[in-house]
Each structure stands twice: as structure tokens, then as C-alpha cells.
Amino acid sequence: MKFFVAIHRPTDYDHSVNITKEVMDEIDRVNEEMVSAGVRVFVGGLRSPKEANAIHRAEDGSQTITDGPFLNADEYIDGFWVLDVATPEEALEWGKKAAAACRGSVEVRPFR
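Quick caveat, the model's predicted, so the values are computed rather than measured. (Residues numbered from 1 in each chain as written. Predicted model: local features only at pLDDT ≥ 70, side-chain atom pairs only at ≥ 80, totals over all residues. Heavy atoms only, no water.)

From N to C terminus, the chain includes three helices and six strands. Taking the principal axes of its C-alpha atoms as reference, the chain extends roughly 50 × 35 × 20 Å. Separation between the mean location of the 13 positive side-chain charges and that of the 20 negative ones in the chain comes to 3 Å. (Helix = DSSP H or I, 4+ residues; strand = E, 2+ residues; numbered from the N terminus. Lys, Arg positive; Asp, Glu negative; His and termini not counted. Charge placed at Lys NZ, Arg CZ, Asp CG, Glu CD.)

Structure (C-alpha cells):
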């Protein structure tokens, strides 16, 4: 079963203040543990939503590109893992480890 595990951050989150060497070391340990367990398919950190572009499609098929994130929200996805695990419970356990290492909220969602 494949799962998306996403780290959520508030829009005013400051990496330069909050992501210390200690935090990075903990994230690295979780990543190494995932690799050792054979569950990590992919991992990626995302840049600020301020650097995003959104492509909006109208009913007539026309498209408009705007600067900034697609959604106006109080939080954004800061990074994510794609995991291949045996059970939803296992995915939740990895999500808890990710939340602890990243010191943030995590969403765990299965792929279709």
C-alpha cells in the first residue's frame, strides 16, 4: 500500500529559525530508518508557496496562470514522503515519527 505523508506548516513558518541542525539530524535519522526498512519510495522538500504558480482551468478549457499558491490557506505542505507499507497502521507509525522529527503536523493519506 502506498501512502502520502505530508508535513504541514503555518504560512508564517521561518525555516531559518525553526530548522536547526538538530532538527535536520532527526529528519535524516527518520529518512535513514525508512530506507533501512525498505518503505521509502520518494521524499521531497518543497520551497515556499510564494514561489508557486497556479494554473486555473475554466469550464471552456481556457487556462490562466497566477503567481502564488493555488489555495489561500493558513497552512501549506512543506515536504512529503511516498511510502510503500503493508498496512495503514504502519503508515501512521511512520507519520508519527515524521511529525516528531519535523516538529510539525503531518497528514497521512493513501493513494488510490
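Under the defined criterion, the tally for this structure stands at two aromatic pairs. Pairwise contacts between aromatic rings join F4, F42 and F80 into one cluster. For K97, the ring lying beneath its charged end belongs to W94, and the centroid distance is 4.6 Å. (Phe/Tyr/Trp six-rings, centres within 6.5 Å; stacked < 30°, edge-to-face > 60°. Lys NZ or Arg CZ within 6 Å of the ring centre and 35° of its normal.)

A few words now on the layout of surface pockets. In this structure, the largest pocket occupies an estimated 490 Å³ of space. What lines the largest pocket is a set of 19 residues, and nearest its centre among them are P49, P69, E75, Y76 and I77. With four residues, the single largest contributor to the lining of the largest pocket is strand β5 (residues 75–84). Lining the second largest pocket are 17 residues; nearest its centre among them are I27, G45, D78, G79 and C102. Broken down by secondary-structure element, the contributors of at least two residues to the lining of the second largest pocket are β1 (2–10), α2 (21–37), β2 (40–45) and β5. Looking at side-chain class alone, the lining of the second largest pocket contains nine nonpolar, five polar and three charged residues. (1 Å grid on protein atoms, 1.4 Å probe; cavity = no way out; pocket = protein on both sides within 12 Å on 5 of 7 lines; lining within 4 Å. Points joined across faces, edges and corners; volume = space filled by probe spheres on them. Nonpolar A, V, L, I, M, F, W, Y, C, P; charged D, E, K, R; others polar.)

This part is about the pattern of salt bridges. Using the criterion set out here, one finds nine salt bridges in the structure. A salt bridge links K96 to E93, with the shortest nitrogen-to-oxygen separation between them at 3.1 Å. A residue pair is termed a helical-turn pair when its members lie 3 or 4 positions apart in one helix, as K96 and E93 do in helix α3 (residues 88–102) at three residues. By relative accessible area, which is 52% here, K96 ends up exposed. In this structure, a network of salt bridges that share partners links the residues E22, E26 and R103. (Salt bridge = Lys/Arg side-chain N within 4 Å of Asp/Glu carboxyl O. Buried < 20%, exposed > 50% of the residue type's maximum accessible area, 1.4 Å probe, protein only.)

Two elements, β1 and β5, share nine bridges in a ladder whose sense is antiparallel. Bridge pairing in β5 places A6 opposite F80. The pairing of β1 with strand β6 (residues 105–110) spans six bridges and is antiparallel. In the strand pairing of β6, I7 is matched with V106. (Pairing = 2+ DSSP bridges.)

Moving on: the environment of F42. By the secondary structure assignment, F42 is in strand β2. Look at F42 and you get partly exposed, because its relative accessible area is 45%. In this structure the C-alpha to C-alpha distance between F42 and D25, which are 17 residues apart in sequence, comes to 18 Å. With residues up to four places along the chain from it excluded, the contact list for F42 reads F80, W81 and V82. (Contact = heavy atoms within 4.5 Å.)

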